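Remarks on the overall topology
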Amino acid sequence: MSHDWYSDFVNSGFGRAVAGNVGLPPVPKLRRWQPGQPLLSGAALLGTATADGRVAKVVRAVLADAGVEVHEDPAAPIGGGSSSSKVAAAVLDATGLSSPRDLAAVQQFLTPVMRRVGPSGRILVIGDVPAQAERPAVRAARRSLEGLVRSAAKEARYGATVNLVHVADGAENDLESTLRFFLSSRSAFVDGQRLDVGTVPGYAGSSAGTDWEHPVTGKVAVVTGAARGIGRTVAQTLARDGATVVAVDVPSAGDALAHTANDVGGTALQLDITSDGAGEAILEHCRRHGGIDIVVHNAGITRDKLLANQDTDRWNSVIDVNLNSQLAINDLLLASSDDDGFHRGGRIVTVSSMAGIAGNRGQTSYGASKAGVIGLVEATAPLLADKDATINAVAPGFIETAMTAAMPVGTREAGRRLSSLTQGGLPIDVAETIAWFAQGASYAINGQVLRVDGQNYLGA
Amino acid sequence: MASPRRAAVVGANRIPFARSNGAYARASNQDMLTAALDGLVARFGLTEERMGEVVAGAVLKHSRDFNLTREAVLGSRLSAATPTYDVQQACGTGLEAAILVANKIALGQIEVGIAGGVDTTSDAPIAVNDDLREVLLEANRAKSTAGVVKALAGLRPGQLVPEIPANREPRTGMAMGEHAAITAAHWGVERTAQDELTARSHQNLAKAYDAGFFDDLMTPFLGLTKDNNLRADSTAEKLGKLKPVFFPAGGDKAEATMTAGNSTPLTDGAATVLLASDEWAAERGLPVLAHLVDAETAAVDYVHGDEGLLMAPAYAVPRLLERNGLTLQDFDFYEIHEAFASTVLATLAAWESPQFCKERLGLDAPLGSIDRGKLNVHGSSLAAGHPFAATGARIVPTLAKTIHQNGGGRGLISICAAGGQGVVAILEA
Amino acid sequence: MPTETLDSAPTLGALYGRALLTARSGGSTLPDRTLELVNATIDADAVADYAHVCGFRVGGELPITYPHMLAFPLQMRLMTDREFPLPAPGMVHLRNVITQQRPLAVGEPLVVRVHAERLVAHPKGAQVDLVSTVGLPDEEAAWHSRSTYFVRGASAEEPTDAAPPEPEPHVGDRPHAVWTVPGDIGRRYAAVSGDVNPIHVNGLAAKAFGMPGTIAHGMWSKARVLAALAGRTDEAVTVDAVFRSPLRIPSKAFLYTAATKDGWDAALRSKKGKDHLLLTVRPAS
């Protein structure tokens, strides 16, 4: 980061010495995905917490398919090294917990692991869905994992992340895209988070035959707000992953939008998404591509004002762009034809925000709209299940963009530093998460909201 | 008149038009044409695609821009294997380019092409005057250094005054506005009618912007998102307060009716239009806005022949109508280029005049009047401005989209051009 | 490294004057500070002037080499300091590597940062790298550049690390363009860039610094080559250029280009086939 003074300072020789002495957190350089990069840069440890674990087999198969060296005895020496040599990832099958007493096995696996995962390492815990347990002891044990993982994420160092996946009963064979995302460097800025897989019933799909280097090959993806910033990065990422991109933005941003579209070899659609007929215009434009597979609702605006000074015009403009436009477009997508409209098995990904989860001073309208997005996702998910489609949201935290440039220095520095990864994220981190939700192979992930915030300490 | 097939108007892109020496003062024709092409490429996903042909032109051109269109294509995102050529038919350039592309498509020689036009009066080529030109050419021909020195020694300060190209007819020495003023006086075109037509042009263009009509016809450039000549609050009353600027030569000052308001300003801009066969469009799932049915050009002897400089379309249209078995009233929309408000009104008056239609056109009955509610419904050059060669490439897609939105219909385009020429065409869907 | 924030862009003419007139103490270590200019304003007219001189299109986005216009005054400010270990006048640009993540646009509130590093020995003197970044205030450097400058006869310690390998374009032996480089290109580029280094504008001064005569700015030739590739390159690219034998002006120069799997190779050569400039365009690294 060019202007991250703190980062520059801490990473200088002198700075490292000072930072070490006074306990300032180091700023690790996160490993990020590049084409051709292997799933993991080293070996992986695989553990099971109970004899009833039901996902270890699947994890083993996925890792083997990705060519990862897997060790199941945490004490065994690895790669000619010792039993304390570094591993790139550790995965724990923590399904089948019957009481909080079983958590000890989780601790016994993770304790050595915390020291053994290398820089930008991955610790992934897979548990059962608490809500699917009726007995208090079982549910308590399952729920405990979340507190454990969120806390462990705050202890992990050097860019390592710790995340939790809840897998619904019967969904153990539907984990592949999730495992690949959380283990790869595509999830660089996702830390201390929980994701549920297979919790919305009636899903259908397959990850068989997926080209993991280009997982959205042949898909048509609509990205709103694509002229600049995160939207532009999303367009580039989806194009990189194989999609034909329809880049949408307001007509006044058409110049930059045309650059985005030409850069990714897609098409540009100048459109005010709050206008009447915006949804029809998108469907109409995409008929030339044979319909739509992926819609990324990225367009959003802020009109920050303290609530005490708020006026209704500003308020409405934020709600209209950030929320009502999405509702209207989704209604049309749902009603459209499978043939040349929103295809069966389609994906909607929308952008919420930390402001919608934790709130933010001066952002009552923005926060309201972004919390509304979460409600939209929860309610739309079961509707889409009939179309074998999904809807999910990312909630970015502090991402280094032009928008954050407007923040006062103190807030900005706090935003960067008060995360488990001790830095701000990049637009690509949000884009990678969106592109993962957009994969056909992510068919079992529906109704989820995933924070891409490096486990920011602010608010929630 | 059966043709093998009709060329389809598929879509378009232009940059907003800017008043001279304003937003685009530093942009060249090539810069603007390339920007317009790149916007079209983005709209239709034509990155690295080879077009059958790109045909465009500019009225005011630097000598280095002899291959302007080719240079623009080479700098654009289109395939470098796209052939091009330049055309120049004054203000008819853009429409003539569209006709040429459409004809090749109709004949099956190409499947898809782009027509366009661009002009800048801000970055106009400045020529040396004839005296200096003689000296420089002589110096260039000199075989020795001494010869060069001798040739250049003859230079006088007065010879260094550059010649800035003027919007003037070489054979009459009169500005186009002065010619139009004569025509206006001849036809007795009222000042108030001109101002009303002008105000309607601004109001119609403003409404079109508000309705998002140009969202898929335009891409912003250099910070401009709308034609900056547009005055949405324009009224005939306000326009009525302006002083006349063009006077009919040898006429009465009292006859002067033409102001800076009811005449088009000098404008910079570029426009492009994508034409293709129906098959090409269908393969790509692109809707056809309209087809180019037929076209006609005409010229009048404005020098010695007692006809107005900008009256050629009055002759071209009846020939086009006759060939297609149509009357002037058989159209749902009319796009008559507003070089000057008086030009539009004089042309309409001519078609209504039994005497003109009989004596000049050889018709038994006048062509008659048109429903003015169908004229330039999304505004025209008085409001948008008029970068000479670009105007035709603005009007073709505007009319095509108007017909498409109407669910079908027929439209007439009429464009007058310097040199006493006119280019007219029929679109249909 | 501490940061010194400037109120306004330094004036280059004055810096050259200072460099020529001020007695230098010539320290042995590089200044341990980063120069920063916030809210660098980009004048659309200046961009148009630059585009005209270098052959770029005029548009809303900056030519990839344009941010160098913002960084160069800061580089000169660092290098004309009394304590700077190498003398600025007569300095020769050996190499310039630009990585652009996205094109910058006119009107963006940009931050320019420049620092010096890697002062090392060169077989015939000493060289130093000036690293510049330009981007929005909190953006990961949208534009990053490393310029290597050389001073004949100066001394510095031997490098401990190897410089990254130089670009090796493969362009074949048939030129794709012949340039007639006018004699006033140095003066015109100096006017738009402010780089009034006398070797580019005055024959006598150039000879005084050991040049064969007035030479074109290396960054002009790089810009001109990239302008020739307009519309054919991606937006997120790394452009690595080494400047070889100086391009005397006026002269003819021959441009060789070749498309590669993921970018472009180019060379600018003299009539006799001497390399003036070797350049590669690759995806941004």
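Residues numbered from 1 in each chain as written. Chains lettered and ligands numbered in written order. Predicted model: local features only at pLDDT ≥ 70, side-chain atom pairs only at ≥ 80, totals over all residues. Heavy atoms only, no water.

Overview of the overall build of chain B
- Each helix and strand counted, chain B has 14 helices and 14 strands in total.
- A compact globule built from 429 residues should have a C-alpha radius of gyration of about 22 Å, and chain B, at 22 Å, falls within 12% of that.
- Considered along the principal axes of its C-alpha atoms, chain B spans approximately 70 × 60 × 40 Å.
- Put simply, chain B has 429 residues, and 59% of those count as buried.
- Long-range contacts, defined as pairs at least 24 residues apart, comprise 79% of the intrachain contacts of chain B with a sequence gap of at least 6.
- If you sum the accessible surface of chain B, you get close to 16600 Å²; carbon and sulfur atoms cover 51% of it.
- In chain B, 38 side chains carry a positive charge and 49 a negative one; their mean positions are 4 Å apart. (Helix = DSSP H or I, 4+ residues; strand = E, 2+ residues; numbered from the N terminus. Rg over C-alpha atoms; globule rule 2.2 N^0.38 Å. Buried < 20%, exposed > 50% of the residue type's maximum accessible area, 1.4 Å probe, protein only. Contact = heavy atoms within 4.5 Å. Areas by Shrake-Rupley, 256 points an atom, 1.4 Å probe, with all protein chains shown as cover. Lys, Arg positive; Asp, Glu negative; His and termini not counted. Charge placed at Lys NZ, Arg CZ, Asp CG, Glu CD.)

Here we look at the interface of chain B and chain C
- Each partner contributes to the interface: chain B provides 17 residues, whereas chain C provides 15 residues.
- In total, chain B and chain C occlude about 1100 Å² of area from one another, counting both sides; carbon and sulfur atoms represent 38% of this.
- In terms of surface lost to chain C, no three residues of chain B exceed Arg 26, Asp 31 and Arg 77 of chain B, which account for 52% of the buried area on that side.
- Joining chain B to chain C, the criterion identifies four salt bridges.
- The partner of Glu 48 of chain B in a salt bridge is Arg 232 of chain C, with the nearest N and O atoms 3.5 Å apart. (Buried area = accessible area lost by both parts, 1.4 Å probe. Salt bridge = Lys/Arg side-chain N within 4 Å of Asp/Glu carboxyl O.)

Describing the domain arrangement of chain B
- Taken domain by domain, chain B comprises domain 1 (128-163) and domain 2 (176-212 + 293-428).
- Taking only C-alpha atoms into account, the centre of domain 1 of chain B sits 46 Å from that of domain 2 of chain B. (Domains from an automatic or database assignment.)

Quick word on the packing of helix H2 (residues 44-54) of chain C against helix H6 (residues 218-228) of chain C
All names here are of chain C.
- Direction vectors running N to C along H2 and H6 enclose 85 degrees, while the axes themselves pass 9 Å from each other. Considering their axes alone, H2 and H6 lie roughly perpendicular with respect to each other. Two secondary-structure elements touch here, H2 through Tyr 50, Val 53 and Cys 54 and H6 through Trp 220, Ala 223, Arg 224 and Ala 227.
- Counted by class, the contact of H2 with H6 contains six nonpolar, no polar and one charged residues. (Axes fitted to C-alpha atoms, helices over the stretch in contact; angles between N-to-C directions. Parallel < 35°, antiparallel > 145°, perpendicular 65-115°, else oblique. Nonpolar A, V, L, I, M, F, W, Y, C, P; charged D, E, K, R; others polar.)

Considering the sheet that holds strand E1 (residues 3-6) of chain C
Residues and elements named next belong to chain C.
- Strand order in the open sheet formed by 11 strands is E1-E2-E4-E5-E6-E3-E8-E11-E10-E9-E7, and the pairing between neighbours is mixed. The strands lining the two open edges of the sheet, one partner per strand, are E1 and strand E7 (177-181). Neighbour to neighbour, the strand axes of the sheet diverge by 20 degrees on average, direction disregarded.
- For strand E5 (residues 125-135) and strand E6 (residues 143-152), the ladder comprises 10 bridges, and the chain directions are antiparallel. Bridge pairing in E6 links Gln 127 to Phe 150.
- Together, E1, strand E2 (34-40), strand E4 (110-122), E5 and E6 form the strand contacts of helix H3 (residues 67-79), whose direction differs from that of E4 by roughly 55 degrees. (Pairing = 2+ DSSP bridges.)

Observations regarding helix H9 (residues 278-287) of chain A
- Inspection of H9 of chain A places Ala 278, Gly 279, Ile 282, Leu 283, His 285 and Cys 286 of chain A among the buried residues, and these make up the whole buried set. In a view along the axis of H9 of chain A, the buried residues occupy a sector of 165 degrees, so they form one face of it. (Arc of directions from axis to C-beta.)

Some thoughts on unusual backbone geometry
- Residue Pro 250 of chain C is bonded to the preceding Ile 249 of chain C through a cis peptide linkage, with omega at -5 degrees.
- Relative to the helices and strands, Pro 250 of chain C is located in the loop between strand E8 (237-243) and strand E9 (251-259).
- Even without glycine at this site, Ala 90 of chain B takes up a positive phi of about 50 degrees.
- With respect to the secondary-structure elements, Ala 90 of chain B resides in the loop between strand E4 (84-86) and helix H3 (93-106).
- Positive phi outside glycine occurs at Leu 222 of chain B, with the angle close to 45 degrees.
- As for its position among the elements, Leu 222 of chain B is in the loop between helix H7 (191-210) and helix H8 (236-239).

Brief notes about the interface of chain A and chain B
- In this assembly, 17 residues from chain A lie in contact with 20 residues from chain B.
- Interface area, chain A with chain B, both sides summed: about 1300 Å², of which 48% is carbon and sulfur.
- Contact with chain B buries area across many residues of chain A, yet Asn 262, Gln 270 and Arg 288 of chain A alone supply 48% of it, more than any other trio.
- At the boundary of chain A with chain B, the tally comes to zero salt bridges.
- For the pair chain A and chain B, the interface holds six residue pairs in polar contact (both at pLDDT 80 or more).
- Within the residue set of the side of chain A that touches chain B, elements represented by two or more residues are helix H8 (254-263), strand E9 (267-270) and H9 of chain A.
- A per-element tally of the side of chain A that touches chain B places H8 of chain A first, with six residues.
- Its residues assigned to classes, the side of chain A that touches chain B shows four nonpolar, eight polar and five charged. (Polar contact = N/O pair within 3.5 Å; in protein donor to acceptor, adjacent residues only side chain to side chain.)

Brief notes about empty space enclosed by the protein
- One pass over the full model with this rule turns up eight cavities of 30 Å³ or more.
- Roughly 700 Å³ of internal volume is contained in the largest cavity.
- Lining the largest cavity are 34 residues, and of these His 259 of chain A together with Arg 57, Glu 61, Gly 231 and Glu 235 of chain C sit closest to its centre.
- Of all the secondary-structure elements, those providing two or more residues to the lining of the largest cavity are H8 of chain A, helix H1 (29-44) of chain B together with E8 of chain C. (1 Å grid on protein atoms, 1.4 Å probe; cavity = no way out; pocket = protein on both sides within 12 Å on 5 of 7 lines; lining within 4 Å. Points joined across faces, edges and corners; volume = space filled by probe spheres on them.)

Brief notes about the domain arrangement of chain A
Residues and elements named next belong to chain A.
- When cut into domains, chain A gives domain 1 (42-197) and domain 2 (220-452).
- The gap between the C-alpha centroids of domain 1 and domain 2 is 30 Å.
- Every contact between the two is made by 22 residues of domain 1 and, on the other side, 24 residues of domain 2.
- For domain 1, the biggest contributors to the area lost against domain 2 are Ser 177, Arg 186 and Phe 189; these three give 39% of the whole.
- Our count for the domain 1 to domain 2 interface comes out at two salt bridges.

What about the confidence of the model for chain B?
- Scored by pLDDT, chain B has a mean of 92; 94% of the residues are at 70 or more.
- Scored as a complex, the prediction yields pTM 0.87 and ipTM 0.87. (pLDDT = per-residue confidence, 0-100.)

A word on the sheet that holds strand E8 (residues 244-249) of chain A
Residue and element names in this part refer to chain A.
- Pairing within the open sheet is parallel, and its seven strands lie in the order E9-E8-E7-E10-E11-E12-E13. Looking at strand neighbours, the two that pair on one side only are E9 and strand E13 (449-452), the edges of this open sheet. Here the average twist between neighbouring strands, direction ignored, is 20 degrees.
- As paired elements, E8 and E9 share four bridges and run parallel to each other. Residue pairing for E9: Asp 249 is matched across the bridge by Gln 270.

A closer look at the packing of helix H3 (residues 56-65) of chain A against helix H6 (residues 176-183) of chain A
Residue and element names in this part refer to chain A.
- Between H3 and H6, whose axes approach to 10 Å, the crossing angle comes to 65 degrees. In the crossing of H3 with H6, the sense of the turn from one axis to the other is right-handed. Across the interface between the two elements, Val 58, Val 59, Val 62, Leu 63 and Asp 65 from H3 touch Glu 176, Leu 179, Arg 180 and Leu 183 from H6.
- Residue composition of the contact of H3 with H6, grouped by class: six nonpolar, no polar and three charged. (Left-handed = near helix turned anticlockwise from the far one by under 90°.)

What about the nonpolar core?
- By size, the foremost hydrophobic cluster in this structure holds 110 residues, and its most contacted members are Leu 78 and Leu 274 of chain B together with Leu 86, Val 112, Val 128, Trp 220 and Leu 279 of chain C.
- Residues in contact with Val 112 of chain C, not counting those within four places in the same chain, are Leu 35, Glu 36, Leu 37, Ala 40, Leu 70, Ala 71, Leu 74, Thr 133 and Val 134 of chain C.
- In this structure, Ile 230, Ala 256, Ala 261 and Ile 399 of chain A belong to the second largest nonpolar core, which totals 70 residues. (Core = buried A, V, L, I, M, F, W, Y, C linked by side-chain atoms within 4.5 Å.)

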